[in-house]
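Structural description and commentary
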Amino acid sequence: MQRSIIYTSLRNLLKDNIKWIFNLDIEEVTINKQISLPPKPEMGDMAFSCFLLARELKKSPQMIANELSMKMIFSEDDIFKKVEQTGPYLNFFLNEKNLSKAVLICSKKGSLTKPFEKKQDKIMVEFSQPNTHKGIHIGHIRNMAVGDSLIRILRHTGYETISANYLGDSGAHIAACLWHYEKSKMENTNNSEKGEWLGIVYTEAKKYLEENPTEKNNVSKVQKLLENKDPYWICLWNETREWSIEYFKSIYKWLDIHFDVWFYESEEEEPGKVIVEEFLNKRIFKYSDGAVICELEDLPLAIVLKSDGTTLYSTKDLALAKRKFEEFHIDRSIYVVGDAQSLHFKQIFSILKKMGFKQADKCYHLAYGMVSLPEGKMSSRTGNVVLFSDLKKSMNEYIYESYLDSKKDWSDEKKKVTSRKIIVAAIKFGMLDQDVKKNIEFRMEDWLSFEGDTGPYILYAFARIQSILRKSEKSGMEIEPDFDNSHLLTMSEEKYVIMDIQEFPDIIEHVANDYCIDELCKYLLKLSKDFSKFYHNCSVLKADRGLAAARLQLIKAVSEILKTGLNLLGIDPPEEM
Ligand code: ARG
């Protein structure tokens, strides 16, 4: 459904006129399909094709276009002023003054930024899913940014949403970490957060095992002990697992990311075994060399239980999916996971279908590309990683040196709060602004820049508007202008801004349907740039009273959209910069 003001108005105009000219009730979706942009701008602002209507009315499309163009009535405040016929097409021309007026009225009512009407579907988005006993690095943050923004966007567009986390708290990596922890008696010399330090222990363990491969046997022994619930190792696992969870939670808090439910791999092991048993009996799975497998039509066969009877990543995913469907009654299940796991998810969804879960068709793997540093690829296994805490530190130092140190009249608290907001904006925007499928490079200085296509650039535009609004209030100017003044907005810079604003609901709808968060980023950049051009050429505070009032309302509309749009990306803009 098209939601921009221009689309909505044209749809209503056509619906009403078709009703009274042909006495025909036509559905909105049918009209939408026939609306397009004219091939050349001089031909008009919007076009409508009469082919579908022709079929309905059993007349030629040319005849219908002709009749409509002759009889159509435009009311005085319609945002279209005239229509011209070209063969089977109608071309409509905007009444720009009325458009400005309509946009400002909608903005004042808040109808451009308010959440959409409630929808029936319940959607779960599973994201983040870090492994305990490992560190968090910049690659993990891309996942968090995408999942969190998607949840916000889906919620805004009316879906009932559940944000879910799924911690990797069982498996070989934990045995390696705990084994090394016990053996090496490593000390937390830098006094890092315990959970983060555990990640360093893990990296050390991996390095050690690479150099001393014979020691891998000992790790396997620890893994067995853990699987057999040996009290000593389980106790150590419990304690250290808590450290990781605390560490993750502190990062989520800092990034303003929230989860409604927490799943754990360790909790899906037993249910996983039960499911395998059940579907062995139902002959959907079968034994092969002692392991349990599932044969799939167009995909490589999947192993769902190891020959020693222990679970695999896939075993647990089957149990988890079943739980999501049955306990949460979701209509759509989205998994935000790196593209390296594409085959795994294809197999899981296909197995679920064989198992008879209808919801399998509504499972979706939202795969994202890797994040690398200019220095090269990262992985917590080889130790070539930059921990998130270190990046945060460097970004903070950079922001102070390049910007905040010069704010002599700001309190330390204000600098601290603003620095966090700028860093969050820089990171999330940098992550979201690019096609989710593509691999990206994290470039700290570029992402933090106030110029160019960055989060901070948009924050700056937002803060600038807040500053104008504060000044105008101080000087006693009317914040709520008389709407009749909208006809004074005649500069081309003003018209571009009006055109951007009216499109906002449409953009969100599109992004929610296609999961293309980068398009929301591009839109916000365009709006900020168009605002900047306006700001440089059209003064608000020095304009005549009437014009100033209209311009104030215009920039207020821009700031509300920027704020809503940024919030949908998980970014909270500072009021002052
Ligand atoms: N913890 C896993 C990893 O780091 C990702 C889990 C993805 N979710 C899932 N349902 N398999 O690779």
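First, a word on what this report is: a plain description of the structure on this page. (Residues numbered from 1 in each chain as written. Predicted model: local features only at pLDDT ≥ 70, side-chain atom pairs only at ≥ 80, totals over all residues. Heavy atoms only, no water.)

1. Points about the environment of Ile5
As a reminder of what qualifies: Here a strand is any run of E in DSSP of at least two residues, a helix any run of H or I of at least four, and the numbering for each starts at the N terminus. In this analysis, two residues are considered to be in contact whenever any of their non-hydrogen atoms come within 4.5 Å of each other.
Secondary-structure assignment places Ile5 in helix 1 (residues 5–22). Sequence spacing of Ile5 and Thr86 is 81 residues, and the spatial spacing of their C-alpha atoms is 24 Å. The residues touching Ile5, leaving out its near neighbours within four places in the chain, are Ile79, Leu99, Ala102, Val103, Cys106, Leu112 and Gln502.

2. Thoughts on helix 20 (residues 545–568)
Operational definition: Take the number of residues in a helix, subtract one, and multiply by 1.5 Å to get its expected span. Partly exposed residues are those whose accessible area sits between 20% and 50% of the maximum for their type, while under 20% is buried and over 50% is exposed, using a 1.4 Å probe and protein chains only.
In a regular helix each residue adds 1.5 Å, so 24 residues correspond to 34 Å; helix 20 covers 35 Å between its end C-alpha atoms and thus fits that length. Helix 20 sits mainly inside the fold: 17 of its 24 residues count as buried. Downstream of helix 20 by one or two residues, Gly570 has phi in the positive range, about 85°.

3. Describing the side chain of Asn165
Secondary-structure assignment places Asn165 in strand 6 (residues 160–167). We classify Asn165 as buried; its relative accessible area is 0%. Those residues in contact with Asn165 that sit more than four places away from it in its chain are Phe127, Ser128, Gln129, Pro130, Tyr252, Phe259, Val261, Trp262 and Phe263.

4. Concerning the nonpolar core
Worth spelling out the cut-off: Throughout this description, the term nonpolar core refers to a set of buried Ala, Val, Leu, Ile, Met, Phe, Trp, Tyr and Cys residues connected via side-chain atoms within 4.5 Å.
Formed by 136 residues in total, the largest nonpolar core has its most connected members in Leu68, Phe92 and Ile501. Residue contributions to this core peak at 11 residues, all from helix 20. Once residues within four sequence positions are removed from consideration, Phe92 is found in contact with Leu10, Leu13, Leu14, Gly44, Asp45, Met46, Phe48, Met72, Phe74, Phe80, Lys82 and Val83.

5. Re the sheet that holds strand 11 (residues 332–338)
This is how it is decided: Being paired, for any two strands, means DSSP has found at least two bridges between them. Orientation is described by axes fitted as lines to C-alpha atoms, over the contacting stretch for helices, and by angles from 0 to 180 degrees between their N-to-C directions.
As summarised here, the arrangement of the 5 strands in space is 7-6-5-11-12, forming an open sheet in which the pairing is parallel. Looking at strand neighbours, the two that pair on one side only are strand 7 (261–264) and strand 12 (363–368), the edges of this open sheet. For this sheet, the mean inter-axis angle between neighbouring strands, taken without regard to orientation, is 25°. Summarising the sheet, strand 5 (residues 122–126) and strand 6 pair through 5 bridges and their orientation is parallel.

6. A look at the site of the ligand
Filter applied, for reference: A cutoff of 4 Å decides nearness: a residue is near a molecule or strand if any of its heavy atoms lies inside that distance of it. Within 3.5 Å is the distance limit for a polar contact, defined as a pair of N or O atoms, with the added protein rule that one can donate a hydrogen and the other accept it, and that residues adjacent in sequence qualify only through two side-chain atoms. Using a 1.4 Å probe, the Shrake-Rupley method yields the accessible areas, and only the shown protein chains count as cover for residues.
If you check the shell around the ligand, you find Glu126, Gln129, Asn131, Tyr166, Glu265, Tyr313, Asp317, Leu320, Tyr335, Val337, Gln341 and Phe345 and nothing else. Side-chain polar atom of Asn131 to a nitrogen atom of the ligand: 2.8 Å apart, as the coordinates give it. The separation between a nitrogen atom of the ligand and a polar side-chain atom of Tyr313 is 2.7 Å. Contact with the protein chains removes 85% of the 350 Å² of surface that the ligand exposes when unbound.

7. Considering helix 10 (residues 231–255)
In this model, helix 10 (25 residues) spans 36 Å end to end at C-alpha, consistent with the 36 Å of a helix rising 1.5 Å per residue. Looking one or two residues past helix 10, Asp256 carries a phi angle of roughly 60°, positive in sign.

8. A few points about the packing of aromatic side chains
Worth spelling out the cut-off: Working definition: a ring pair exists when centres of Phe, Tyr or Trp rings (six-membered ring for Trp) sit within 6.5 Å. Plane angles under 30 degrees give stacked, over 60 give edge-to-face, the rest tilted. A ring has a charge above it when a Lys NZ or an Arg CZ is no more than 6 Å from the ring centre and no more than 35 degrees off the ring normal.
Across all of its chains, the model carries 25 aromatic pairs by this definition. When the ring of Tyr335 is compared with that of Phe345, the centres are 5.0 Å apart and the planes differ by 50°; the resulting orientation is tilted. Here Tyr335 is found in strand 11, whereas its partner Phe345 is found in helix 13 (residues 342–354), with 10 residues between them in sequence. Residue class for Phe345 comes out buried when judged on its relative accessible area of 2%. Ring centres of Phe531 and Tyr535 lie 5.9 Å apart, and the angle between their planes is 35°; this geometry places the pair in the tilted category. With Phe531 and Tyr535 both in helix 19 (residues 517–537) and 4 residues apart, the pair spans about one turn of that helix. Using a relative accessible area of 1% as the deciding quantity, one classes Phe531 as buried. It is Arg241 that lies over the ring of Tyr264; its NZ or CZ is 4.7 Å from the centre.

9. Re the sheet that holds strand 3 (residues 80–86)
Overall, antiparallel pairing links the 4 strands, which are arranged 1-2-4-3 in an open sheet. Sheet topology places strand 1 (35–36) and strand 3 at the edges, where each strand pairs with a single neighbour. Here 4 bridges tie strand 2 (residues 46–49) to strand 4 (residues 89–94), and the two strands are oriented antiparallel to one another. The residue bridging Phe48 from the neighbouring strand is Leu90, located in strand 4. Seen against the sheet, helix 4 (residues 61–71) touches strand 3 and strand 4 and runs at an angle of roughly 150° to strand 3.

10. A few points about the pattern of salt bridges
Test applied: Throughout this description, the term salt bridge denotes a Lys or Arg side-chain nitrogen within 4 Å of a carboxyl oxygen of Asp or Glu.
All told, the structure shown has 39 salt bridges when counted by the stated rule. Measuring nitrogen to oxygen at the nearest pair gives 3.4 Å for the salt bridge that ties Glu84 to Lys82. Taking relative accessible area as the criterion, Lys82 reaches 36% and is therefore assigned partly exposed. The salt bridge partner of Glu576 is Lys414, with a shortest N-O separation of 3.0 Å. You can see Glu576 sitting in the segment after helix 20 and its partner Lys414 sitting in helix 15 (residues 412–432), a full 162 residues away along the chain. A relative accessible area of 32% means that Glu576 is categorised as partly exposed. Salt bridges here are not isolated pairs; linked through shared partners, they connect Asp148, Arg152, Asp256 and Lys428.

11. Points about empty space enclosed by the protein
Just so we agree on the cut-off: The pocket and cavity definitions rest on a 1 Å grid over protein atoms only: a 1.4 Å probe that fits but cannot leave marks a cavity, an open set with protein on both sides within 12 Å along at least five of seven lines marks a pocket, and residues lining either have an atom within 4 Å of a point. Grid points are joined across faces, edges and corners, and a volume is the space filled by probe spheres set on the points. For this classification, Asp, Glu, Lys and Arg are treated as charged, while Ala, Val, Leu, Ile, Met, Phe, Trp, Tyr, Cys and Pro are nonpolar and the rest, including Gly, are polar.
Scanning all chains against the criterion turns up 2 cavities of 30 Å³ or more. Taken as a whole, the largest cavity encloses approximately 70 Å³ of empty space. For the largest cavity, the full set of lining residues is Arg142, Val146, Leu366, Met431, Leu432, Gln434, Val436, Tyr515, Cys516, Ile517 and Asp518. Breaking the lining of the largest cavity down by element, the ones donating at least two residues are helix 6 (138–156), helix 15 and helix 19. Grouping the amino acids of the lining of the largest cavity by side-chain chemistry returns 8 nonpolar, 1 polar and 2 charged.

12. Some points on the pairing of strand 11
For clarity, the threshold we go by: When the strands point away from the viewer, a crossover counts as right-handed if the path from the first strand over the helix to the second runs clockwise.
Of all 7 residues that make up strand 11, 7 are buried, and the element is covered over most of its length. The sheet contact formed by strand 5 and strand 11 spans 4 bridges and is parallel. Of the residues in strand 11, the one forming a bridge with Val125 is Ile334. The pairing of strand 11 with strand 12 spans 6 bridges and is parallel. Residue pairing for strand 12: Tyr335 is matched across the bridge by His365. Tracing the backbone out of strand 11, into helix 13 and back to the parallel element strand 12 gives a crossover that is right-handed.

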